[in-house]
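Summary of the model geometry
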Amino acid sequence: QVQLVESGGGLVQPGGSLRLSCAVSGLTFSNYAMSWYRQAPGKERELVALITSAGGRTNYADSVKCRFTISRDNDKNTVYLQMNSLKLEDTAVYYCRANRWDVYWGQGTQVTVSS
């Protein structure tokens with residue numbers, strides 16, 4: 001079956017960095033656009049970053065532009081989110097999502113930015 005497994009979350013101080021990974025199995029990874037979403041307590045889930053299937057194009061939420069970078073390794077079936085200059089408001093559960101004409105979600109990984 002299809003599995004998306006996120007890792008790399010944790011507790012970090014403001015200004016710090018984290019790198020999230022999402023390992024995908026059970027589908028042809030290179031055919032799917034991949035994205036990262038996040039959901040903070042009491043808020044709706046929001047799109048953070050997206051990368052096309054071949055990795056040729058990326059899009060970012062305005063709130064993370066110039067701080068976060070999405071990338072993918074189609075040989076390793078993995079998508080990454082490098083998060084730099086983290087802010088308190090980046091605290092959320094981060095989810096990866098695979099979509100083509102079907103959509104799959106990971107279980108999420110907690111990122112907490114706190115001093």
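Position labels on residues start from 1 in each chain and follow its written sequence. At least 70 in pLDDT is required for a residue's local features to be given in this predicted model, at least 80 for side-chain atom pairs to be given and counted, and no such filter applies to totals for whole chains, interfaces and linings, which use all residues. To get the side-chain values, all heavy atoms of the structure are used, and hydrogens and water are removed first.

Here we look at the packing of aromatic side chains
Classification of ring pairs uses Phe, Tyr and Trp, with its six-membered ring standing for Trp, and accepts pairs whose centres are within 6.5 Å; under 30 degrees between planes counts as stacked, over 60 as edge-to-face, and the remaining range as tilted. Throughout the structure, instances matching the rule amount to 3 aromatic pairs. Aromatic side chains Tyr37 and Trp105 sit 4.9 Å apart centroid to centroid with 65 degrees between the ring planes, which places their arrangement in the edge-to-face category. Highlighted residues: Tyr37 in strand E4 (residues 33-39) and Trp105 in strand E10 (residues 103-105), separated in sequence by 68 residues. In this scheme, a residue with accessible area under 20% of its type's maximum is buried, one over 50% is exposed, and one in between is partly exposed, where area comes from a 1.4 Å probe on protein chains only. Taking relative accessible area as the criterion, Tyr37 reaches 16% and is therefore assigned buried. Ring centres of Tyr95 and Trp105 lie 6.5 Å apart, and the angle between their planes is 85 degrees; this geometry places the pair in the edge-to-face category. With Tyr95 in strand E9 (residues 92-99) and Trp105 in strand E10, this pair connects stretches of sequence that are 10 residues apart. The class for Tyr95 is buried, based on a relative accessible area of 13%. Taken together, the aromatic side chains of Tyr37, Tyr95 and Trp105 make up a single cluster linked through ring pairs. Any Lys NZ or Arg CZ found within 6 Å of a ring centre and within 35 degrees of that ring's normal is scored as a charge over the ring. Directly above the aromatic system of Tyr80 lies the positively charged group of Arg19, at a separation of 4.0 Å from the ring centroid. Stacked on the ring of Trp105, the Lys or Arg Arg45 has its end atom at 4.7 Å from the ring centre. Per the convention used, a helix needs a DSSP run of H or I reaching at least four residues, while a strand needs a run of E reaching at least two, with both numbered from the N terminus.

Things to note about the environment of Val79
In this structure, Val79 sits in strand E8 (residues 78-83). Residue class for Val79 comes out buried when judged on its relative accessible area of 0%. For the pair Val79 and Ser21, spaced 58 residues apart in the sequence, the C-alpha separation amounts to 5.8 Å. Here a residue-residue contact requires only that any non-hydrogen atoms of the pair lie within 4.5 Å. The contact partners of Val79, leaving out residues within four places of it in the chain, are Leu20, Ser21, Cys22, Phe29, Met34, Trp36, Ile51, Ile70, Ser71, Arg72 and Cys96.

Quick word on the sheet that holds strand E3 (residues 18-25)
Between any two strands, at least two bridges found by DSSP are needed for them to pair. Taken in spatial order, the 4 strands of this open sheet run E1-E3-E8-E7, and their pairing is antiparallel. This sheet does not close on itself; its edge strands, each paired only once, are strand E1 (3-7) and strand E7 (68-73). Looking at each pair of strands side by side, their axes are set apart by 15 degrees on average, direction ignored. Note on method: axes are straight lines fitted to C-alpha atoms, helices fitted across the in-contact stretch only, with angles between N-to-C directions ranging 0 to 180 degrees.

Some points on the state of the cysteines
The criterion for a disulfide is a pair of cysteine sulfur atoms lying within 2.5 Å. Inspection of the entire model under this criterion finds 1 disulfide. Here Cys22 is linked by a disulfide to Cys96, with a sulfur-sulfur distance of 1.9 Å. An S-S torsion of about 40 degrees defines the bridge between Cys22 and Cys96 as right-handed. One end of the pair, Cys22, is in strand E3; the other, Cys96, is in strand E9, and 74 residues separate them in sequence.

Observations concerning the pattern of salt bridges
Salt bridges are identified by distance alone: a Lys or Arg side-chain nitrogen within 4 Å of an Asp or Glu carboxyl oxygen. Scanning the model with the defined rule gives 4 salt bridges in all. Among the salt bridges present, the one from Arg38 reaches Asp90, with a minimum N-O distance of 2.9 Å. With Arg38 in strand E4 and Asp90 in the loop between E8 and E9, the pair connects residues that are 52 residues apart, well separated along the chain. Neither residue differs from the other here; Arg38 and Asp90 are each classed as buried. In this structure, Arg67 engages Asp90 in a salt bridge whose closest nitrogen and oxygen atoms are separated by 2.7 Å. Here Asp90 lies in the loop between E8 and E9 and Arg67 lies in the loop between strand E6 (58-60) and E7, a separation of 23 residues in the sequence. A residue is classified by how much of its surface remains accessible, and Asp90, at 1% relative accessible area, is buried. Through salt bridges with shared partners, a single network forms among Arg38, Glu46, Arg67 and Asp90.

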